[in-house]
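Residues per chain, in single letters:
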Amino acid sequence: MSSSSQVVADCLFCKIGAGLIPVKPLYEDERVMAFADIHPQAPTHVLFIPKTHYANGGEAPAELLGHLLHAAAAFGKAQLAGGYRIVMNTGEHGGQTVDHLHLHVLGGRHMAWPPG
Ligand code: AMP
Ligand code: ZN
């Protein structure tokens, strides 16, 4: 199977992006959507996903990656005046657990550095 396609049947975030698993959208346009992480790691913890399937950022076209990051940063700017962190976990060493490209937007508390 190719690393990208419109929607992958057994992919959790494809199902969310297609509306098959209902979530409260915190942002949505024709290409991307955002919803609260089910296990929040900060007072605000939002996931931004493309509606089409890419396993990770390395598989996605530049224009879509830019759009996804722009949407996440716009959310941070609008909602998280104290600052925020955008994270893209990738692969086993990166701590990725869902193999559909997503950005975490975390805010509402101070973030430690370096990350664990
Ligand atoms: P990662 O570990 O970077 O792949 O992030 C995957 C994230 O998806 C984790 O933070 C999970 O808590 C989150 N997650 C898993 N299932 C759901 C779900 N049904 N709704 C919202 N977030 C989810
Ligand atoms: Zn997917």
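Residues numbered from 1 in each chain as written. Chains lettered and ligands numbered in written order. Predicted model: local features only at pLDDT ≥ 70, side-chain atom pairs only at ≥ 80, totals over all residues. Heavy atoms only, no water.

## Examining the coordination of the zinc ion (ligand 2)
For a metal bound by four donors in a tetrahedral arrangement, the ideal donor-metal-donor angle is 109.5 degrees, while six donors in an octahedral arrangement ideally sit at 90 or 180 degrees.
Next up, step 1: Taken together, the protein donors to the zinc ion (ligand 2) comprise Cys-11 (SG), Cys-14 (SG), His-53 (ND1) and His-100 (ND1), at separations of 2.0 to 2.3 Å.
Next up, step 2: Coordination at the zinc ion (ligand 2) is tetrahedral: its 4 donor atoms span angles of 104 to 115° at the metal.
Next up, step 3: Coordination of the zinc ion (ligand 2) draws on donor residues from a single chain, spaced C-x2-C-x38-H-x46-H in sequence. One end of the pair, Cys-11, is in the loop between β1 (4-5) and α1 (12-17); the other, His-100, is in the loop between α3 (91-94) and β7 (103-107), with 89 residues separating them in the sequence. (Donors = N, O, S within 2.8 Å, 3.2 Å for Na, K, Ca; no water. Tetrahedral: all angles 85-135°; square planar, octahedral: opposite > 155°, others 65-115°. Helix = DSSP H or I, 4+ residues; strand = E, 2+ residues; numbered from the N terminus.)

## Quick look at unusual backbone geometry
Most peptide bonds adopt trans geometry, and most residues besides glycine take a negative phi value.
Next up, step 1: Of note, the bond from Trp-113 into Pro-114 is cis; its omega dihedral lies within 30 degrees of zero at 5°.
Next up, step 2: Mapped onto the fold, Pro-114 is located in the segment after β7.

## Notes on the pattern of salt bridges
Next up, step 1: Applying the stated criterion across every chain yields a total of 3 salt bridges.
Next up, step 2: It is possible to trace a salt-bridge network through shared partners that takes in Glu-30, Arg-31 and Glu-63. (Salt bridge = Lys/Arg side-chain N within 4 Å of Asp/Glu carboxyl O.)

## Re the site of ligand 1
Next up, step 1: Ligand 1 sits among 15 residues. The nearest are Asp-37, Asn-89, Thr-97, His-102 and His-104.
Next up, step 2: A distance of 3.1 Å is found between a nitrogen atom of ligand 1 and a backbone nitrogen or oxygen belonging to Ile-38.
Next up, step 3: Within the contact set of ligand 1, an oxygen atom lies 2.8 Å away from a side-chain nitrogen or oxygen of Asn-89.
Next up, step 4: When ligand 1 sits alone it has 510 Å² of accessible area, and the protein chains cover 83% of it.
Next up, step 5: A molecule is said to occupy a pocket when more than half its atoms come within 2 Å of that pocket's grid points, and by this definition ligand 1 occupies the largest pocket.
Next up, step 6: Taken together, the elements giving at least two residues each to the shell around ligand 1 come down to α1 and β3 (32-36). (Near = heavy atom within 4 Å. Polar contact = N/O pair within 3.5 Å; in protein donor to acceptor, adjacent residues only side chain to side chain. Areas by Shrake-Rupley, 256 points an atom, 1.4 Å probe, with all protein chains shown as cover. 1 Å grid on protein atoms, 1.4 Å probe; cavity = no way out; pocket = protein on both sides within 12 Å on 5 of 7 lines; lining within 4 Å. Sits in = over half its atoms within 2 Å of the grid points.)

## Description of the nonpolar core
The nonpolar side chains of soluble globular proteins are, as a tendency, buried together.
Next up, step 1: Counting residues in hydrophobic clusters, the biggest one holds 15 residues, and the most contacted among them are Phe-48, Leu-68, Phe-75 and Val-105.
Next up, step 2: Those elements that place two or more of their residues in this core are β3, β4 (44-50), α2 (62-79) and β7.
Next up, step 3: For this core, the leading source of residues is α2, giving 5 residues.
Next up, step 4: The residues touching Leu-68, leaving out its near neighbours within four places in the chain, are Val-32, Phe-48, Ile-49, Pro-50, Leu-101 and Leu-103.
Next up, step 5: Membership of the second largest hydrophobic core comes to 10 residues, among which are Val-8, Cys-11, Ile-16 and Met-33. (Core = buried A, V, L, I, M, F, W, Y, C linked by side-chain atoms within 4.5 Å. Buried < 20%, exposed > 50% of the residue type's maximum accessible area, 1.4 Å probe, protein only. Contact = heavy atoms within 4.5 Å.)

## Points about the sheet that holds strand β6 (residues 84-87)
Next up, step 1: Read across the open sheet, the 5 strands follow the order β2-β3-β4-β7-β6; overall the sheet is antiparallel. Where the open sheet ends on each side, the last strands, each with one partner, are β2 (27-28) and β6.
Next up, step 2: Most of the contacts of α2 go to β4, to which it runs at about 155°, and overall it touches β2, β3, β4, β6 and β7. (Pairing = 2+ DSSP bridges. Axes fitted to C-alpha atoms, helices over the stretch in contact; angles between N-to-C directions.)

Any functional reading would require information that these geometric values do not contain.
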